[in-house]
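Breakdown of the fold
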Amino acid sequence: MTTVKIAAVQAAYLLMDQKACLDKAVELLRQAAAAGAGIVVFPEVFIPGTPIWIDSRPIWDGDDDWYALLVEQAVTVPGPITDALAAAAGETGTYLVIGVNEREPHGATIYNTTLYFGPDGTLLGKHRKLMPTGSERTVWGMGDGSTLPVIDTPYGRLSGLICWENYMPLARFYLYSQGVDIWTAPTLAQGDGWLAAMRHIAHEGRCYVIGVNPCVHIDQIPADFPHRDRVWRAEQEWVEPGNSIIIDPTGKILAGPARHEETILYADIDLAAVHAARRYFDPVGHYHRPDIFQLAVDTSPRPAVVTRQGMVSASEPADPKPPPA
C-alpha cells in the first residue's frame, strides 16, 4: 500500500509548560488518527513552545527567568516525554513527527529538535536543527551531521528540515540523495515567501511537502507566565499566526495555507505520484551530473568530549624504570 492520509496539526502550544503541551499533542494526535491520518506532523518546538522573548525583547535583557524555565521544561531524549509520545504513536498506529526543545540530561544548552516515532511505538530518529537563525542563536545550539535521519515507511521515505534550514541547498541535496518522498518542514516562518519556498522544494525534490506552524494568539499566553507583561508586545495580536500547507510533488497546493486558526490540514498522498513526477526531473538521478558536481557530507557525531582508553595495560607501569646496570 503506497497511499496514506497525512495531517498537519496547526495548534497553539502552552508556553513553557511541558506537561500541558504533551497532553495537547496526544489529544490532537488521537483526533488526527480518528480522521484516518497515518502520518501526523506537529509544529517546530511544539513542546514546550517557542522561546518568544528572543523576538520581543533586546537580546539577554532580563530573560534569566525565562531561559531557566526553558531549560527546566525542555525534553531529554530518551526520557519520560518521548516515552509518552512513543506510546501515543503506538496506540494510534501512526507515524508521528513533532518538534521539541531538547537538552542533554545534564546540560543547559537547548537544541531545536524534530522527533520521529513509528506506529509500533518506537522512537525512530531525531534531527537537531543545524543552524539556528538570528536571535535563535541566543537559545539554541547547533546540531551536527549525525542527526539527519530518513525514515522508511510503507508510504515512502520520510524526512525533512526545520524552518530556515530548508533554504540550505546542500542540506536539501543531501536529503534528496537519500530518497526522501515525504518532506516535513515544521517551522515558525510566516508570509507568502515561505509558501513559495515550500512549493519550490516540492517541485525541486519531486516530493510531498508538509509545512506546519504553530498558531498562538496573545490571549493564549498563560496568565501566570513569569513577567507576562514583558514577554510579548501587546500591540502584536498574534504571537504565531500559523502558515501551514501541504503540497504535492508537482508544486500543487493540496491543503491550506491556514492562518489565524487552530486547525488540522489533511491530504491523501500516493507514492506513485512521486515516482511519476521524477520521470521529468530527478535532482539526484537522471538530472544530476556527478561527474561535475560532488557533495561531501560528514555524518559523524560531534560530542563535546571524546574519551579514549589508554594504550598501556593497567598492570604495567606507564614509564617502567630501566633495569639495573
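Just so you know, these numbers come straight off a predicted model, no measurement behind them.

Following the sequence through the fold, Ser56 ends up in the loop between β2 (37-41) and α2 (64-73). From its side chain, Ser56 meets the backbone oxygen of Val231 in a polar contact 2.5 Å long. Apart from the residues lying within four places of it in its own chain, the contact partners of Ser56 are Arg230, Val231, Trp232 and Arg233.

What follows deals with the UniProt feature "domain: CN hydrolase" (unreviewed entry) in the protein. Feature annotation in UniProt places "domain: CN hydrolase" (unreviewed entry) on residues 4-271, given in this structure's numbering. Annotated as 26% helix and 29% strand, the span residues 4-271 places its first and last C-alpha atoms 9 Å apart.

This part takes up the sheet that holds strand β4 (residues 110-117). The mixed open sheet is built from 6 strands, whose spatial order is β5-β4-β3-β2-β1-β14. If you trace the sheet from one side to the other, it starts and ends with β5 (123-128) and β14 (263-270), each paired once. Averaged over neighbouring strand pairs, the angle between their axes works out to 25 degrees when direction is ignored. The sheet contact formed by β2 and strand β3 (residues 95-103) spans 3 bridges and is parallel. Counted as the bridge partner of Val40 is Leu96 from β3. Here helix α1 (residues 18-34) sits on the sheet and contacts β1 (3-10), β2, β3 and β14; the angle it forms with β14, its principal contact strand, is near 45 degrees. Sheet strands in contact with helix α3 (residues 80-92) are β3 and β4, and its direction is about 25 degrees off that of β4.

Before going further, it helps to examine the pattern of salt bridges. The full count for this structure, using the stated rule, is 16 salt bridges. When the shortest N-O distance is used, the salt bridge between Asp268 and Lys5 registers 3.4 Å. Placement of the pair is Asp268 in strand β14 and Lys5 in strand β1, with a sequence separation of 263 residues. By relative accessible area, Asp268 is classed as exposed at 56%. When its relative accessible area of 22% is taken as the criterion, Lys5 is described as partly exposed. For Asp291, the salt bridge goes to Arg289, with nearest N and O atoms at 2.5 Å. Residue class for Arg289 comes out partly exposed when judged on its relative accessible area of 44%.

We now examine a nonpolar patch on the surface. Together, Leu170, Leu295 and Val297 line one region of the surface with nonpolar side chains, adding up to about 240 Å² of accessible area. Mapping Leu295 onto the fold places it in the segment after α7 (271-277). Take Leu295: its relative accessible area is 32%, and that puts it in the partly exposed class.

A few words now on helix α5 (residues 191-205). An ideal rise of 1.5 Å per residue puts 21 Å on 15 residues; α5 measures up with 22 Å between its terminal C-alpha atoms. Among all positions of α5, only Trp194, Leu195, Ala197, Met198, Ile201, Ala202 and Gly205 are buried. The arc that holds the buried residues of α5, viewed along the axis, is 155 degrees, so those residues lie on one side. Structural note: α5 exposes Asp192 and Gly193 on the side pointing more than 90 degrees away from its buried face. In this fold, the buried residues of α5 make contact with α4 (169-177), β8 (182-186), β9 (208-212), β12 (244-247) and β13 (253-258). One or two steps after α5, the chain reaches Arg206, where phi turns positive at roughly 50 degrees.

The next thing to look at is the nonpolar core. Among the nonpolar cores identified, the biggest contains 51 residues, and Phe42, Ile47, Trp53, Ile98, Ile221 and Phe225 are the most heavily contacted of them. Listing elements by their share of this core, those giving two or more residues are β1, α1, β2, α2, α3, β3 and β4. Top contributing element to this core by residue count: α1, with 7 residues. The contact partners of Ile221, leaving out residues within four places of it in the chain, are Leu15, Ile52, Arg228, Val231, Trp232 and Val239.

A word on the sheet that holds β8. A sheet is described by the order of its strands in space; here 6 strands give the open sequence β6-β7-β8-β9-β12-β13, paired in mixed fashion. Where the open sheet ends on each side, the last strands, each with one partner, are β6 (151-153) and β13. Neighbouring strand axes in the sheet, compared pairwise and without regard to direction, differ in orientation by 15 degrees on average. Looking at chain direction, β9 and β12 are connected through 3 bridges and run antiparallel. Counterpart to Gly211 in the pairing with β12 is Ile245. Lying on the sheet, α5 is in contact with β8, β9, β12 and β13; it crosses β12 at an angle near 20 degrees.

For the coordinates displayed, the defined rule picks out 0 disulfides. Just so you know, Cys21 is unpaired, no disulfide at all, and the nearest cysteine sulfur is the one on Cys215, 14 Å from it. The thiol of Cys163 is unpaired, and the distance to the nearest cysteine sulfur, on Cys215, comes to 16 Å. We classify Cys163 as buried; its relative accessible area is 5%.

Criteria and thresholds
Residues numbered from 1 in each chain as written. Predicted model: local features only at pLDDT ≥ 70, side-chain atom pairs only at ≥ 80, totals over all residues. Heavy atoms only, no water. Helix = DSSP H or I, 4+ residues; strand = E, 2+ residues; numbered from the N terminus. Polar contact = N/O pair within 3.5 Å; in protein donor to acceptor, adjacent residues only side chain to side chain. Contact = heavy atoms within 4.5 Å. UniProt positions renumbered as here; feature names shortened; annotations may be inferred. Pairing = 2+ DSSP bridges. Axes fitted to C-alpha atoms, helices over the stretch in contact; angles between N-to-C directions. Salt bridge = Lys/Arg side-chain N within 4 Å of Asp/Glu carboxyl O. Buried < 20%, exposed > 50% of the residue type's maximum accessible area, 1.4 Å probe, protein only. Patch = residues over 30% accessible without salt bridge, like charges linked within 9 Å, V, L, I, M, F, W, Y side chains within 5 Å. Areas by Shrake-Rupley, 256 points an atom, 1.4 Å probe, with all protein chains shown as cover. Expected span 1.5 Å × (residues − 1). Arc of directions from axis to C-beta. Core = buried A, V, L, I, M, F, W, Y, C linked by side-chain atoms within 4.5 Å. Disulfide = S-S within 2.5 Å.

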